[in-house]
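So you can see what is in the structure, the chains are spelled out below.
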Amino acid sequence: MRSITRVALAVASAAVITATVALPATAAPVEDTTTTTVEVQAGALSISAPASLALSSVTPGGSATGTFQSTDVVVTDLTADTLGWTTSYTISEFSSVLVPAGTIAASNVTYTPTVATVDGTATVTEATASNGTGVIQTATAVTGNNTATWGGTVTVTVPSDALAAADYTATLTHSVL
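Cut-offs and rules
Residues numbered from 1 in each chain as written. Predicted model: local features only at pLDDT ≥ 70, side-chain atom pairs only at ≥ 80, totals over all residues. Heavy atoms only, no water. Helix = DSSP H or I, 4+ residues; strand = E, 2+ residues; numbered from the N terminus. Buried < 20%, exposed > 50% of the residue type's maximum accessible area, 1.4 Å probe, protein only. Polar contact = N/O pair within 3.5 Å; in protein donor to acceptor, adjacent residues only side chain to side chain. Contact = heavy atoms within 4.5 Å. Phe/Tyr/Trp six-rings, centres within 6.5 Å; stacked < 30°, edge-to-face > 60°. Pairing = 2+ DSSP bridges.

*Asks:* Now, about the side chain of Q137: what can you tell me, with residues and values included?
*Replies:* Tracing the chain through its elements places Q137 in strand β9 (residues 133-157). Taking relative accessible area as the criterion, Q137 reaches 0% and is therefore assigned buried. A polar side-chain atom of Q137 sits 3.0 Å from the main-chain carbonyl oxygen of T114.

The structure is reproduced here in structure tokens:
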């Protein structure tokens, strides 16, 4: 009988050892981590505008106008940030080669932009700028890259004592910051 008990005890012990040996297979896996990084590079902020703008003919004391089309002025913001941007313009005085004494002051110019069409995330607000300089559009609530396009009207009030000439010319400069 002792032999049967020893055999039973040996079988039971073997079962416990087998169960114990099988347990490590269900234990938690060993892990290791790798930190992974990527650099997101900022692009450029740029503005483009037409090379020329023809104004209407005018007599002294009147106002001449010229119109940019709604897609003529474009700001491309590839800076991938949240800073926003502001566009402005300056214009030189109008002068004539045909009448060297003839000038029209830059302060007689008003620039009225149209509402901008925006691609991307930005709120763009237009402003009428006069006296030959000023803010045209401002972008706020910017997230990432965006593009804004607009047109506008440039008006020149010609003094009543202006001299007649067909070649009054000024340089209109758009800028973005």
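*Asks:* Help me get a handle on the environment of A80, residues and values and all.
*Replies:* Tracing the backbone through its elements, the reader meets A80 in the loop between β2 (63-77) and β3 (85-91). Residue A80 is classed as partly exposed on the basis of its relative accessible area of 40%. Residues A80 and L45, spaced 35 residues apart in sequence, show a C-alpha to C-alpha distance of 9.8 Å. Apart from the residues within four sequence positions on either side, A80 is in contact with G144 and N145.

*Asks:* Would you mind going over the packing of aromatic side chains in detail, with residue names and values included?
*Replies:* Enumeration according to the criterion identifies 2 aromatic pairs in this entry. An angle of 45 degrees between the planes, with centres 5.2 Å apart, marks the rings of Y89 and Y111 as tilted. Here Y89 is found in strand β3, whereas its partner Y111 is found in strand β6 (residues 109-113), with 22 residues between them in sequence. Assessed through its relative accessible area of 0%, Y111 is described here as buried. Site record: aromatic cluster; members linked through ring pairs are F68, Y89 and Y111.

*Asks:* I'd like a description of the pairing of β6, backed by residues and values.
*Replies:* Note on strand geometry: in a regular strand, side chains alternate between the two faces of the sheet. Only one face of β6 is buried, namely the one carrying V109, Y111 and P113, since none of T110 and T112 on the opposite face is buried. Pairing of β6 with β9, which is carried by 5 bridges, proceeds in the antiparallel orientation. Of the residues in β9, the one forming a bridge with V109 is V156. Strand direction decides the pairing type here: β6 and strand β8 (residues 129-130), joined by 2 bridges, are antiparallel. Within β8, the position partnered with Y111 by the bridge is A129.

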